[in-house]
Amino acid sequence: MKLMQKQGLWMVAVISIFTAPFFFASCKKEVSSAVNFKYDKELVPSMHTDSVRVLISDSGLIKYKMITKTWDVFDEAKDPYWFFPKGLYLERFDTAFTVVFTIKADTVWNYTRRKLWRLKGNVFARNIVGETFTGDEFFWNQQEQKIYSDKLVEVTRPEKGILVARNGMVANQQMTAYEFMEVGENAGKKTLIYVNEDEENKEEKAE
């Protein structure tokens, strides 16, 4: 009986000796795999947030309301940016907290260092006088205080009809003054119409 027990213990010892290297090799492989993981700052966000509804202030004043389903922040990327893959709705306020401008799109990028927004897919904007702007892609340059597009834009003016900018347009941040680009039969001709709602409103009040 004792002999059998000794043989059994000897077998366990032999099995342990031969399996131990494989066990430690397996553990070492897992540890090595974890250590070798590379964090790509261009592809992995430093912050991910779902179901966002937030007010954003600038110089101590609340200027924007932002609503989105998904907000990814890539603030460690070479060109830092916010990414809204499931769309964004944005309102802009004046000092009296009146909504002067709204815009939404299917996908949005905000390059924070350059203060440049790119809005892509079913872009819809509305200015303070109720005009609406629709198109596939817009850019909003906050440093230059202008919004522009080089693609077809349709402008609907209440009680004034619809204007179509087939080759894009440039507008101020409130989209109350804008011009159409590269229109007409001649490539050198740039502007078909320039609209300034602020000036039109002043003229209507004067009459």
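The rules behind these values
Residues numbered from 1 in each chain as written. Predicted model: local features only at pLDDT ≥ 70, side-chain atom pairs only at ≥ 80, totals over all residues. Heavy atoms only, no water. Helix = DSSP H or I, 4+ residues; strand = E, 2+ residues; numbered from the N terminus. Buried < 20%, exposed > 50% of the residue type's maximum accessible area, 1.4 Å probe, protein only. Contact = heavy atoms within 4.5 Å. Areas by Shrake-Rupley, 256 points an atom, 1.4 Å probe, with all protein chains shown as cover. Core = buried A, V, L, I, M, F, W, Y, C linked by side-chain atoms within 4.5 Å. Patch = residues over 30% accessible without salt bridge, like charges linked within 9 Å, V, L, I, M, F, W, Y side chains within 5 Å. Salt bridge = Lys/Arg side-chain N within 4 Å of Asp/Glu carboxyl O. 1 Å grid on protein atoms, 1.4 Å probe; cavity = no way out; pocket = protein on both sides within 12 Å on 5 of 7 lines; lining within 4 Å. Points joined across faces, edges and corners; volume = space filled by probe spheres on them. Nonpolar A, V, L, I, M, F, W, Y, C, P; charged D, E, K, R; others polar. Pairing = 2+ DSSP bridges.

**Student:** So what exactly am I meant to see when it comes to the overall build of the protein here?
**Tutor:** Helices and strands together make up the secondary structure of the protein, namely two helices and 14 strands. Out of the 207 residues belonging to the protein, those deemed buried represent 32%. For the protein, the proportion of contacts with a sequence separation of at least 24, taken over those separated by at least 6, is 35%. A total of about 13700 Å² of accessible surface is found on the protein, and carbon and sulfur atoms cover 57% of it.

**Student:** Help me out: how do you make sense of the nonpolar core in this one?
**Tutor:** Across soluble globular proteins, nonpolar side chains have a tendency to be buried as a group. Counting residues in hydrophobic clusters, the biggest one holds 30 residues, and the most contacted among them are L119, F133, F138, M169, M175 and Y178. At the level of elements, β2 (61-74), β4 (88-93), β5 (99-105), β7 (116-127), β8 (132-141), β10 (153-157), β12 (169-172) and β13 (177-180) are the ones that each hand at least two residues to this core. Excluding residues that lie within four positions of it along the chain, F133 makes contacts with V123, F124, A125, N127, F138, V153, E154, V155, M169, M175 and Y178.

**Student:** Even after reading the chapter, I still don't get a nonpolar patch on the surface, so can you show me in this structure?
**Tutor:** Together, Y39, L43 and V44 make up a nonpolar patch on the protein surface, roughly 290 Å² of accessible area in all. Along the chain, Y39 falls in the loop between α1 (2-35) and β1 (47-58).

**Student:** Got a minute to help me understand the layout of surface pockets in this structure?
**Tutor:** Any empty space left between the atoms is revealed when a probe the size of a water molecule rolls over them. Here the largest pocket defines a volume of roughly 400 Å³. If you trace the largest pocket, you find 17 residues lining it, with D58, Y64, K115, W117 and Q142 closest to the centre. Looking at the lining of the largest pocket, the elements with two or more residues in it are β1, β2 and β4. Across the lining of the largest pocket, the residue classes tally to six nonpolar, seven polar and four charged.

**Student:** Hey, could you run me through the pairing of β10 in this one?
**Tutor:** One face of the sheet, then the other: side chains in a regular strand alternate in exactly this way. What you see with β10 is a clean split: V153, V155 and R157 sit on the buried side and E154 and T156 on the side with no burial. Inspection of the sheet shows β8 paired to β10 by four bridges, in the antiparallel sense. What sits directly across from T132, in β10, is T156. Two strands pair when backbone bridges link them, and β10 and strand β11 (residues 161-165) are joined in this way by five bridges, in the antiparallel orientation. In the strand pairing of β11, V155 is matched with L163.

**Student:** Help me out: how do you make sense of the pattern of salt bridges in this one?
**Tutor:** Taken as a whole, this structure holds nine salt bridges when the rule is applied. The salt bridge partner of D136 is K120, with a shortest N-O separation of 2.6 Å. Of the two residues, D136 is situated in strand β8 and K120 in strand β7; the sequence distance between them amounts to 16 residues. By relative accessible area, which is 34% here, D136 ends up partly exposed.

**Student:** Sorry, what's going on with the side chain of T132 here?
**Tutor:** Locating T132 in the fold gives a position in strand β8. In this structure T132 comes out as buried when scored by relative accessible area, which is 14%. Setting aside its immediate chain neighbours within four residues, T132 contacts F124, A125, R126, E154, V155 and T156.

**Student:** When you look at the environment of A77 in this model, what are you seeing that I'm missing?
**Tutor:** Residue position: A77 is located in the loop between β2 and β3 (81-84). Taking the relative accessible area as the measure of exposure, A77 reaches 5% and is therefore buried. Remark: the alpha-carbon pair of A77 and V44, spanning 33 residues in sequence, is separated by 9.2 Å. Apart from the residues lying within four places of it in its own chain, the contact partners of A77 are K41 and E42.

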